[in-house]
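Listed here are the chains, written in short residue letters.
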Amino acid sequence: MGWTITIGRVAGTEIKVHLTFFILVAFWGVAGYQQGGPAGALAACIMLFALFACVLLHEFGHILMAGRFGVRTPDVILLPIGGVARLERIPDEPRQELLIALAGPAVTLAIVVALYAVLALGGVAPRMGELDPDGPFLETLMRVNLYLLVFNLFPAFPMDGGRVLRALLSSRMGLVAGTRIAARFGQASAVVAGLYGLTAGEPLLALVALFVYLGAGAEAAAVETRVAGEGLKVDQMMVTQFRAIPVHATLADAVGLLLSSEQREFPVVDNLGRVEGVLTRDNLIKGISQRGTDSTVGEAMTTQVKAVSPRLGFQEALEQLRSSGLPALPVVDDTGRLVGMLTLDNITDLLLVRRARA
Ligand SMILES: [Zn+2]
């Protein structure tokens, strides 16, 4: 999720916008310009931002309900197909997930009802039918929200309907199986919708279907990984047989280590055994091509590496490793001693073994 910018923070949740969202702004702006010149472009963009506000309210429906069950939401991302509130975990009980999934559509429904009431009180008879881009602002906003509501309840990830389906399935068959079936159903629906979109000349539908397909796969994979690693601590998942390299060693020494074993990343230590950084294979190759084999490990290594505690839990450790952008992190205990290496390869192997035994 590198393609995002943070625009604000509400109730402990960062509000981020995915850069592809601006493609949608441009798309709407151009469409509005073609219909009504600069005023049309402005009107289209105002409509889009009003809609964007409605989507945020919808997401905060999920976020506030999740908070009631003690589940925090570190961030919410706005994508062209809508918002995604990234809950830190799936609530323990399927009933709680059901309520969280329904809270967003409930907010959207409330917006539709409120806009309908405002229009009716103003003497306008709101029409619920075809979308009319020239229609009055509030009426159009109400109808777009109505479409959003129906779309969101479609039973496929990453839409809310997918979570409702998963919650209903997992209450009977458990989280992993429930997610797997909900994800397969979502992907199958996305393939059908995508093919229809391509053959019927609806490229936007095909694009949405692609997002749904990818979202469903990612959700299923994330849940399987999370469940497979449940209860694990870093000291159970780290590599304990490894070689460290002194910060003053030359890159020629490092090449010797690299070629003599399977190890690809080396913790770099000073004279007292304290971790100074990590030398990855990429660091080594780049260091040799830029400064030659006589230069030191200290010049080529990645510095400011955040070491992991051996008592850290599985999910937090995995997130720390992923966010570091490195293939491995040193594991350092409370006394500052280097006790292991946390590597993605090793975690993958461990999860494969755990799954095979389960
Ligand atoms: Zn939602």
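Structure first, text after, so check above.
The sections below set out a description of the structure shown in this document. (Residues numbered from 1 in each chain as written. Predicted model: local features only at pLDDT ≥ 70, side-chain atom pairs only at ≥ 80, totals over all residues. Heavy atoms only, no water.)

1. Quick notes on the pattern of salt bridges
Now for step 1: Evaluation of the coordinates by the stated rule reveals ten salt bridges.
Now for step 2: Between E97 and R166 there is a salt bridge, with its nearest N and O atoms 2.8 Å apart. You can see E97 sitting in helix α2 (residues 94–121) and its partner R166 sitting in helix α4 (residues 160–173), a full 69 residues away along the chain. Assigned by exposure class, E97 and R166 land together as buried.
Now for step 3: Each member of the salt-bridge network shares a partner with another, and the members are R9, E14, K16, D75 and R86. (Salt bridge = Lys/Arg side-chain N within 4 Å of Asp/Glu carboxyl O. Helix = DSSP H or I, 4+ residues; strand = E, 2+ residues; numbered from the N terminus. Buried < 20%, exposed > 50% of the residue type's maximum accessible area, 1.4 Å probe, protein only.)

2. Focus on the pairing of strand β2 (residues 13–18)
Now for step 1: For β2, the buried fraction is high: five of the six residues fall into the buried class.
Now for step 2: Where strand β1 (residues 4–10) meets β2, six bridges bridge the pair, whose relative direction is antiparallel. Looking at the pairing, I5 lines up with V17 of β2.
Now for step 3: Counted between consecutive antiparallel strands, the loop separating β1 from β2 contains two residues, among which A11 sits at a positive phi close to 50 degrees.
Now for step 4: The pairing of β2 with strand β3 (residues 75–79) spans four bridges and is classified as parallel. Looking across to β3, one finds that E14 is bridged to D75.
Now for step 5: Viewed along the sheet, the connection from β2 through helix α1 (residues 20–68) into β3 turns out left-handed. (Pairing = 2+ DSSP bridges. Right-handed = clockwise from strand over helix to strand, strands pointing away.)

3. Notes on the coordination of the zinc ion
Now for step 1: In this structure, H58 (NE2), H62 (NE2), D160 (OD) and D160 (OD) serve as the protein donors to the zinc ion, at separations of 2.0 to 2.5 Å.
Now for step 2: Under the relative-accessibility criterion, D160 is labelled buried at 6%. (Donors = N, O, S within 2.8 Å, 3.2 Å for Na, K, Ca; no water.)

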